[in-house]
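Chain by chain, the residues:
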Amino acid sequence: ELQQGVDESYILNFINTTVELCATTSYGALRGLETFAQLVQYDFDRRLYFVQPWCIVDKPRYSFRALLVDSSRHFIPMQIMMRIIESMSFAKLNVLHWHAMDSHSFPIETPSYPDLWKGSWSEHQRYGISDMQQMVHFASLRGIRVMIEIDGPGHAWSWGVGYKDLLPDNYQQRSGSGCQASCPRQPCNVPLDPSKHFTYQVIDGVFSDLLGVNRSGLFFEDFVHLGGDEVDQACWESSAQIQQWMRTEKIPSLTGAYKYFVDKQHELARKRGKVPVAWEEVYAH
């Protein structure tokens with residue numbers, strides 16, 4: 001099964017005119033075939049292909065070899081995504097870390113909350129369910145897992161385009177001026193509101209659509225990246241509603257509010273059989 005730790009080792013042996021490839025799994029065989037393809041040379045004088053006689057015993061030094069692609073700040077069409085995945089296989093990379101949503105856009109179709117992708121750059125710059133299915137299948141045939149990043153609580157301005165109640169009550173979107181707000185130091189980096197039950201309802205709905213339960217969703221990868229970075233807590237600090245919630249819940253600090261959100265978010269991911277991954281801020285705090 002294509003998951004973290006799958007055996008990708010192989011032995012490639014050239015004996016006279018015979019090439020023997022031995023591997024425990026199909027993914028090891030894929031890596032061996034890639035090595036073989038890169039060893040084949042062309043003799044322009046004799047006009048024939050040839051290989052040197054090698055015996056190669058190989059396995060990955062690192063079991064997690066990823067490329068991060070951010071298509072939220074800069075939309076990447078599906079055909080380009082496929083070319084990126086194809087090129088990853090040449091370098092024997094095995095994880096596509098897909099930073100799918102951020103402050104600037106929410107381009108992902110989520111049937112449970114269909115207005116979320118109103119936060120995309122445009123109607124033509126979105127990824128539908130069939131697009132994501134195609135991407136994951138195309139990658140899996142090349143021994144590549146797709147780990148989606150669903151960022152939060154920061155970088156959430158785009159979430160509020162379709163559902164403004166996800167953002168703090170003191171946030172004010174100014175019509176025609178893009179992502180502007182009265183509260184954060186960085187206008188586009190508006191965090192989700194940790195005090196509302198609705199926030200966690202939407203997150204759970206997104207998880208249901210994308211992650212399923214125990215590898216039943218679009219992204220059957222065991223890991224899911226949940227961001228957690230660069231949360232501008234000034235928006236929470238200046239929100240009367242969030243401050244009242246913190247007093248009611250006996251949360252003594254903004255760091256405590258941040259921890260509350262992260263714990264709830266990770267709990268919802270684990271409920272779906274996923275292992276949460278996060279940026280260093282989650283551990284630094």
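Anything mentioned here points back to the structure above.
Residues numbered from 1 in each chain as written. Predicted model: local features only at pLDDT ≥ 70, side-chain atom pairs only at ≥ 80, totals over all residues. Heavy atoms only, no water.

Trainee: Give a description of the sheet that holds strand β6 (residues 66-70) that names residues and reports values.
Mentor: Spatially, β6-β7-β8-β9-β10 is the arrangement adopted by the five strands of the open sheet, whose pairing is parallel. The open sheet has two edge strands, β6 and β10 (275-277), and neither has a second partner. Taking each pair of neighbouring strands and ignoring which way they run, the sheet shows an average axis angle of 30 degrees. Pairing between strand β9 (residues 223-227) and β10: three bridges, direction parallel. (Pairing = 2+ DSSP bridges. Helix = DSSP H or I, 4+ residues; strand = E, 2+ residues; numbered from the N terminus. Axes fitted to C-alpha atoms, helices over the stretch in contact; angles between N-to-C directions.)

Trainee: Account for unusual backbone geometry, naming residues and giving values.
Mentor: In this model, G152 is joined to P153 through a cis peptide bond whose omega is 0 degrees. Along the chain, the position of P153 falls in the loop between β8 (145-152) and α4 (159-162). A positive phi is found at R47, a non-glycine position, where the angle reads about 60 degrees. Looking at the secondary structure, you find R47 in the loop between β3 (41-43) and β4 (48-50). Classification of R47 by relative accessible area gives exposed; the value is 68%. Not every positive phi belongs to a glycine, and K92 is a case in point at roughly 60 degrees. Within the secondary structure layout, K92 lies in the loop between α2 (78-90) and β7 (95-99). Among the residues examined, K92 registers a relative accessible area of 18% and is labelled buried. (Buried < 20%, exposed > 50% of the residue type's maximum accessible area, 1.4 Å probe, protein only.)

Trainee: Give me the lowdown on the sheet that holds strand β1 (residues 10-15), citing residues and values where you can.
Mentor: Reading across the sheet, the three strands line up as β2-β1-β5 and stay open at both edges, with antiparallel pairing between neighbours. Strand pairing shows two members of the sheet lacking a second neighbour, β2 (18-23) and β5 (55-58), which therefore form its edges. The average angle at which neighbouring strand axes cross in this sheet is 5 degrees, direction not considered. Here β1 runs beside β5; their pairing, made up of four bridges, is antiparallel. In the strand pairing of β5, N13 is matched with C55. The sheet contacts of helix α1 (residues 26-39) involve β1, β2 and β5, and relative to β1 the element is tilted by about 40 degrees. (Contact = heavy atoms within 4.5 Å.)

Trainee: Tell me about the packing of helix α7 (residues 240-248) against helix α8 (residues 254-271), residues and numbers included.
Mentor: Their axes nearest at 11 Å, the elements α7 and α8 cross at an angle of 85 degrees. The angle between α7 and α8 falls in the class roughly perpendicular. Side by side, α7 and α8 meet where Q243, W245 and M246 of the first sit next to L254, A257 and Y260 of the second. Counted by class, the contact of α7 with α8 contains five nonpolar, one polar and no charged residues. (Parallel < 35°, antiparallel > 145°, perpendicular 65-115°, else oblique. Nonpolar A, V, L, I, M, F, W, Y, C, P; charged D, E, K, R; others polar.)

Trainee: Lay out the nonpolar core in plain terms, naming residues and giving numbers.
Mentor: Ranked by size, the top nonpolar core spans 50 residues in total, and within it W98, I150, W159, L210 and F219 carry the most contacts. For this core, the elements supplying multiple residues, two or more each, are α2, β7, α3 (129-140), β8, α5 (197-211), β9 and α8. Element by element, the count of residues in this core is highest for α5, at seven residues. For W98, the contacting residues outside a window of four places in its chain are V69, S71, M81, I108, Y127, M132, M135, V146, M147, I148, E149 and F219. I242, M246, L254 and A257 belong to the second largest nonpolar core, which has twelve residues in total. (Core = buried A, V, L, I, M, F, W, Y, C linked by side-chain atoms within 4.5 Å.)

Trainee: Please provide a residue-by-residue account of empty space enclosed by the protein, values included.
Mentor: With the rule as written, the count across this model stands at one cavity of 30 Å³ or more. Of the voids in this model, the largest cavity is the one considered here, and its volume is about 40 Å³. For the largest cavity, the full set of lining residues is I150, D151, W159, L192, I203, V206, F207 and Q265. Among the secondary structure elements, those contributing two or more residues to the lining of the largest cavity are β8 and α5. (1 Å grid on protein atoms, 1.4 Å probe; cavity = no way out; pocket = protein on both sides within 12 Å on 5 of 7 lines; lining within 4 Å. Points joined across faces, edges and corners; volume = space filled by probe spheres on them.)

Trainee: Mind laying out the pattern of salt bridges, listing which residues take part and the relevant values?
Mentor: Enumeration according to the criterion identifies twelve salt bridges in this entry. Residues K118 and D115 are paired through a salt bridge, measuring 3.7 Å at the closest nitrogen-oxygen approach. On the accessibility criterion, K118 (48% relative accessible area) is partly exposed. On the accessibility criterion, D115 (27% relative accessible area) is partly exposed. Here the salt bridges do not stand alone but share partners, grouping E8, R31 and R65 into one network. (Salt bridge = Lys/Arg side-chain N within 4 Å of Asp/Glu carboxyl O.)

These figures come from the coordinates and say nothing about function on their own.
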